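Chains, contacts and geometry: an overview
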Amino acid sequence: MRAPADGYTLLAVTPASAINATLYDKLNFNFIRDIAPVAGIIRVPIVMEVNLSVPVMTVPEFIAYAKASLGKISMASPGNGTPAHVSGELFKMMTGVQMVHVPYRGDAPALTDLLGGQVHVLFASVPGSIEYIRAGKLRALAVTTTTRSQVLPDIPSLSDFLSDYDASFWAGIGAPKNTPAEIIDKLNQEINAGLTDPKIKARLVDLGGTVLAGSPADFGKLIAEETEKWAKVVKFGGLKPD
């Protein structure tokens, strides 16, 4: 934010920037005001998965089971305020189910306890979970994007059951707010050109994602929409940072 606005110091922007705007009571910056959007790079779905002992096969079955097991369902997450956590909180907000949040310090310990049955459900990153799903060690109920994942094509989208549900991990590039428009445009053009490279596109697919190409305005619109959406979820759940 305080770096020279010359296009040489850039920021990798993720959903954390949108979530933290409401999660933290006091920040010494305003992300939307102080960072100029440059370009999106990738969007990756999160996968809703359960331990095999949970007697459900579909999202509607999970909702019914959770409502019948009031206060007994535990939802792991990689930590308070992470994209996976707020994705689960959005699910709770939209369905009215109650789940006890169990925060961990990262994906790995949360996955370990899900596999061991210490917790029941996890909204997890696709790259970290896909091999367990393919091996039949975890049961994937849905992906959180509005379309199915290329790497999990048989898994439905949560929006098939909750029409307005949409959550994902995404990443892009930002610059200090006073960076000249011609520099922003040049960076945007080069990033979008790079995203057409077959090797880069293939790598993004390997990560379970899709290319998030577009103009600086497109990326800025995404950031604004995500900030507004997660603000509602953070307030609804009364979420606090670790």
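Attention in this report is confined to the structure presented alongside it. Predicted, not measured: the structure shown is a model, and the values here were computed from it.

Conventions and cut-offs
- Residues numbered from 1 in each chain as written.
- Predicted model: local features only at pLDDT ≥ 70, side-chain atom pairs only at ≥ 80, totals over all residues.
- Heavy atoms only, no water.
- Helix = DSSP H or I, 4+ residues; strand = E, 2+ residues; numbered from the N terminus.
- Rg over C-alpha atoms; globule rule 2.2 N^0.38 Å.
- Buried < 20%, exposed > 50% of the residue type's maximum accessible area, 1.4 Å probe, protein only.
- Contact = heavy atoms within 4.5 Å.
- Areas by Shrake-Rupley, 256 points an atom, 1.4 Å probe, with all protein chains shown as cover.
- Salt bridge = Lys/Arg side-chain N within 4 Å of Asp/Glu carboxyl O.
- Pairing = 2+ DSSP bridges.
- Axes fitted to C-alpha atoms, helices over the stretch in contact; angles between N-to-C directions.
- Patch = residues over 30% accessible without salt bridge, like charges linked within 9 Å, V, L, I, M, F, W, Y side chains within 5 Å.
- Phe/Tyr/Trp six-rings, centres within 6.5 Å; stacked < 30°, edge-to-face > 60°.
- Core = buried A, V, L, I, M, F, W, Y, C linked by side-chain atoms within 4.5 Å.

Moving on: the overall build of the chain. When its secondary structure is counted, the chain shows 9 helices and 9 strands. In terms of overall size, the chain behaves like a compact globule, its C-alpha atoms giving a radius of gyration of 19 Å where 242 residues would be expected to give roughly 18 Å. The principal-axis extent of the C-alpha atoms belonging to the chain is close to 55 × 40 × 30 Å. Within the chain, buried positions represent 47% of all 242 residues. Pairs at least 24 apart in sequence give 76% of the contacts found in the chain among residues at least 6 apart. Accessible surface computed for the chain: about 11,700 Å², of which carbon and sulfur atoms make up 55%.

Moving on: the pattern of salt bridges. Following the criterion strictly, the structure yields 7 salt bridges and no others. Its salt-bridge partner being Lys-229, residue Glu-226 comes within 3.0 Å of it at the nearest N-O pair. Of the two residues, Glu-226 and Lys-229 both sit in helix H9 (residues 216-237), 3 residues apart, roughly one turn of that helix. The exposure class assigned to Glu-226 is buried, which follows from its relative accessible area of 5%. Three or more residues joined by partner-sharing salt bridges are found here, namely Arg-33, Asp-34 and Lys-177.

This next bit is on the sheet that holds strand S2 (residues 35-44). The strand order across the open sheet built from 4 strands is S1-S8-S2-S9, with neighbouring strands paired in antiparallel fashion. Taken across any chain shown, the strands that pair with only one partner, and hence form the sheet edges, are strand S1 (11-13) and strand S9 (210-211). Helix-sheet contacts for H9 involve S1, S2 and strand S8 (169-176), and the interaxial angle to S2 is about 80°.

Before going further, it helps to examine a nonpolar patch on the surface. On the surface, Met-1, Tyr-24, Leu-27 and Phe-29 cluster together into a nonpolar patch covering about 330 Å² of accessible area. One can find Met-1 in the segment before S1. Here Met-1 falls in the partly exposed class, since its relative accessible area comes to 39%.

With that settled, the discussion passes to the side chain of Glu-89. Take Glu-89: it is sitting in helix H4 (residues 83-95). Classification of Glu-89 by relative accessible area gives buried; the value is 4%. Sequence-distant contacts of Glu-89, defined by excluding residues within four places in its chain, comprise Met-75, His-101, Val-233, Gly-237 and Leu-239.

A word on the packing of aromatic side chains. The geometry of an aromatic ring pair comes down to the distance between the two centres and the angle between the two planes. Counted by the stated rule, this structure contains 3 aromatic pairs. On the numbers, 6.1 Å between centres and 55° between planes, the contact of Phe-62 with Phe-91 is tilted. Linking Phe-62 in helix H3 (residues 59-68) with Phe-91 in helix H4, this pair joins segments that are 29 residues apart in sequence. The pair formed by Phe-62 and Phe-91 is uniform in burial state, with each residue classed as buried. Cluster of aromatic residues (ring-pair linked, three or more members): Phe-62, Phe-91 and Phe-123.

So, on to the environment of Leu-152. Note that Leu-152 resides in the loop between strand S7 (139-143) and S8. Residue Leu-152 is classed as buried on the basis of its relative accessible area, which comes to 6%. Spatially, the C-alpha atom of Leu-152 lies 8.0 Å from that of Ile-130, the residues being 22 residues apart in sequence. Not counting the four nearest positions on each side in its chain, Leu-152 is found in contact with Val-47, Val-126, Ile-130, Ile-133 and Val-143.

Attention now goes to the nonpolar core. By size, the foremost hydrophobic cluster in this structure holds 40 residues, and its most contacted members are Met-48, Phe-62, Phe-91, Val-121, Phe-123 and Leu-158. With 6 residues, the single largest contributor to this core is H9. In contact with Val-121, other than residues within four places in its own chain, are Met-48, Glu-49, Val-50, Phe-62, Ile-73, Ser-74, Met-75, Ala-76, Met-99 and Leu-114. Counting 18 residues, the second largest nonpolar core, distinct from the first, contains Val-47, Tyr-104, Val-126 and Leu-138.

Moving on: the sheet that holds strand S5 (residues 100-103). Here 5 strands make up an open sheet; going across it, the order is S5-S4-S6-S3-S7 and the pairing mixed. In this open sheet, the two strands that pair with only one neighbour each are S5 and S7. Put simply, the sheet's adjacent strands are angled 30° from each other on average, direction ignored. Of the pairings in the sheet, the one linking strand S4 (residues 74-77) to strand S6 (residues 121-125) comprises 2 bridges and is parallel in character. The residue of S6 that forms the bridge with Ala-76 is Leu-122. Sheet contacts for H4: strand S3 (46-50), S4, S5 and S6; angle to S4, the most-contacted strand, approximately 150°.

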